[in-house]
Amino acid sequence: MAGPEKCVVAVVAESPEEAPLPDRVEGCEFRLISSAEQLVADAADADVVLSWQPRLDWIERNWGWSPRLRWINAAHAGVDHLMFPGLVRSDVTVTNAGGIFNDSIAEYVLGLALAACADLPATLRLQARHEWLHRDTRRLAGSEVLVLGAGGIGRAVTRLMNAAGTRARCLARTRREDSEFGVIGGIDELPALLPSADFVVLALPFTPQTRHILGPAELGLMRGDAWLVNVGRGALVDEPALTGALMGGRIGGAALDVFETEPLPADSPLWDLPNVIVSPHMSGDARGWERAMADLFLDQLKRYRAGEPLVNVVDKSLGFVPGSRV
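What comes next is a walk through the structure.

**A word on the sheet that holds strand β4 (residues 71–74)**
Here is step 1: Pairing within the open sheet is parallel, and its five strands lie in the order β2-β1-β3-β4-β5. Strand pairing shows two members of the sheet lacking a second neighbour, β2 (28–33) and β5 (93–95), which therefore form its edges. The average undirected angle you get between the axes of adjacent strands in this sheet is 20°.
Here is step 2: The sheet contacts of helix α10 (residues 289–306) involve β1 (7–12), β2, β3 (48–51), β4 and β5, and relative to β4 the element is tilted by about 165°.

Structure follows, in structure tokens:
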């Protein structure tokens with residue numbers, strides 16, 4: 001892919017501070033786009049879009065606004081919001097932020113699992129009430145952890161969980177041999193593995209095939225003391241079914257960083273359940289991620305301008321980068 005003599009980059013962000021890019025890059029013009037109307041008015045000749053905000057529908061709503069568009073770079077790992085028919089059928093290349101969030105999300109998952117084992121949510125509630133109540137806790141080491149997703153994020157989670165002494169394994173679309181983990185199981189093995197898992201971690205991309213991959217039947221196979229940790233997408237799990245299982249004590253708990261509707265509605269019962277940890281889609285946002293993201297994009301931009309192959313290229317027929325999050 002060879003870039004034009006002058007490259008116009010539409011930076012979809014709320015402010016210049018949100019996307020820490022340099023003022024100038026030789027041969028390129030950056031234009032901050034902070035509204036759908038501005039996208040049409042000020043980026044009609046854009047060659048490249050840096051989509052810093054993941055859930056805006058501006059690109060789909062105004063598809064075709066720039067006949068020069070050749071590449072969209074998503075400043076996040078999941079690109080499900082971009083997989084609309086017009087873009088999928090086009091020759092526009094889509095790349096994501098693969099690699100930026102792997103280790104921070106893995107550490108976040110480890111922290112959530114440790115919090116569940118230590119009964120930390122209950123301790124904080126008791127502290128707020130100035131109530132002294134001794135309880136036994138449980139060890140994370142020796143737990144069986146099932147990670148759905150064997151790409152960059154899933155692999156990092158599996159690696160760190162194993163380092164913490166758990167028996168962690170990851171599942172992918174299909175069973176395969178793996179140089180690091182020996183064997184990666186297939187998703188079709190999920191029903192047989194769920195009943196023995198202490199923790200189930202969702203780290204899959206969201207596609208039509210992974211929607212509600214944990215539904216009532218799968219939740220019904222989980223142990224009564226098992227915890228679900230979701231750092232993928234909210235729609236990977238049937239949220240009403242999960243809420244019912246949590247309220248009915250049919251599973252131990254859930255640590256949820258993503259939801260089918262974000263922000264999570266104020267009237268959602270998930271906010272107040274004692275066996276639920278709610279966080280606002282922040283598992284990968286460790287300090288410094290914006291600079292790492294900007295550096296990755298600038299490296300990609302150099303490749304684009306030089307006509308070199310881009311990295312983290314999404315297979316639009318699949319909805320993710322092959323080999324990175326599957």
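**Observations regarding helix α4 (residues 102–117)**
Here is step 1: A rise of 1.5 Å per residue sets the reference length of α4, with its 16 residues, at 22 Å; its end C-alpha atoms lie 23 Å apart and thus fit the reference within 8%.
Here is step 2: Within α4 the residues assigned to the buried category are N102, S104, I105, A106, V109, L110, L112, A113, A115, A116 and C117.
Here is step 3: Buried residues in α4 make contact with α5 (120–128), α6 (152–163), β10 (199–202), β11 (227–230), β12 (253–256) and β13 (276–278).
Here is step 4: Just downstream of α4 lies D119, where phi reads positive at about 55°.

**Quick word on the pairing of β10**
If a strand is regular, its side chains alternate between the two faces of the sheet.
Here is step 1: Residue alternation in β10 divides its side chains into two sets, F199 and V201 and V200 and L202, and both sets are buried.
Here is step 2: Sheet topology places strand β6 (residues 144–148) next to β10; four bridges connect them, and they run parallel. Bridged to V145 within β10 is F199.
Here is step 3: For β10 and β11, the ladder comprises four bridges, and the chain directions are parallel. Pairing of V201 across the sheet is with V229, part of β11.

Analysis parameters
Residues numbered from 1 in each chain as written. Predicted model: local features only at pLDDT ≥ 70, side-chain atom pairs only at ≥ 80, totals over all residues. Heavy atoms only, no water. Pairing = 2+ DSSP bridges. Helix = DSSP H or I, 4+ residues; strand = E, 2+ residues; numbered from the N terminus. Axes fitted to C-alpha atoms, helices over the stretch in contact; angles between N-to-C directions. Contact = heavy atoms within 4.5 Å. Expected span 1.5 Å × (residues − 1). Buried < 20%, exposed > 50% of the residue type's maximum accessible area, 1.4 Å probe, protein only.

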